[in-house]
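Single-letter residue listing:
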Amino acid sequence: MKNALKFGFLGLALTVAFASCNNSEKKAEGSADSASALVDSAANTLDSAANHVDSAAVKVDSAAAKVDSAATKK
């Protein structure tokens, strides 16, 4: 009789443990969404930096063209 009671409580404890662990999947999904948002944000930052570099390259090319133009006029 004592063993049956122990197994009953063990089963109840395991059931409660599994039921409480089910919530960890939602946290993992939230973490994946958060990580995905972070990666997207980093990609946007890199795109923005690339645009700034391209813009600077255009300005340098424009300045070089002006210098070349001034050098050929002399």
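The structure we're discussing is the one just above.
Below you will find a few notes about this structure. (Residues numbered from 1 in each chain as written. Predicted model: local features only at pLDDT ≥ 70, side-chain atom pairs only at ≥ 80, totals over all residues. Heavy atoms only, no water.)

Comments concerning the overall build of the protein chain
Then, in step 1: Looking only at helices and strands, the protein chain features 2 helices and 0 strands.
Then, in step 2: Counting across all 74 residues of the protein chain, residues that qualify as buried make up 0%.
Then, in step 3: For the protein chain, the exposed area adds up to about 6600 Å²; of that, 65% sits on carbon and sulfur atoms. (Helix = DSSP H or I, 4+ residues; strand = E, 2+ residues; numbered from the N terminus. Buried < 20%, exposed > 50% of the residue type's maximum accessible area, 1.4 Å probe, protein only. Areas by Shrake-Rupley, 256 points an atom, 1.4 Å probe, with all protein chains shown as cover.)

Some thoughts on a nonpolar patch on the surface
Then, in step 1: Nonpolar side chains collect at one region of the surface, where Phe7, Leu10, Leu14 and Phe18 lie side by side and expose about 480 Å² of accessible area between them.
Then, in step 2: Topologically, Leu10 is positioned in helix α1 (residues 2-21).
Then, in step 3: The partly exposed category is assigned to Leu10, whose relative accessible area is 47%. (Patch = residues over 30% accessible without salt bridge, like charges linked within 9 Å, V, L, I, M, F, W, Y side chains within 5 Å. Salt bridge = Lys/Arg side-chain N within 4 Å of Asp/Glu carboxyl O.)

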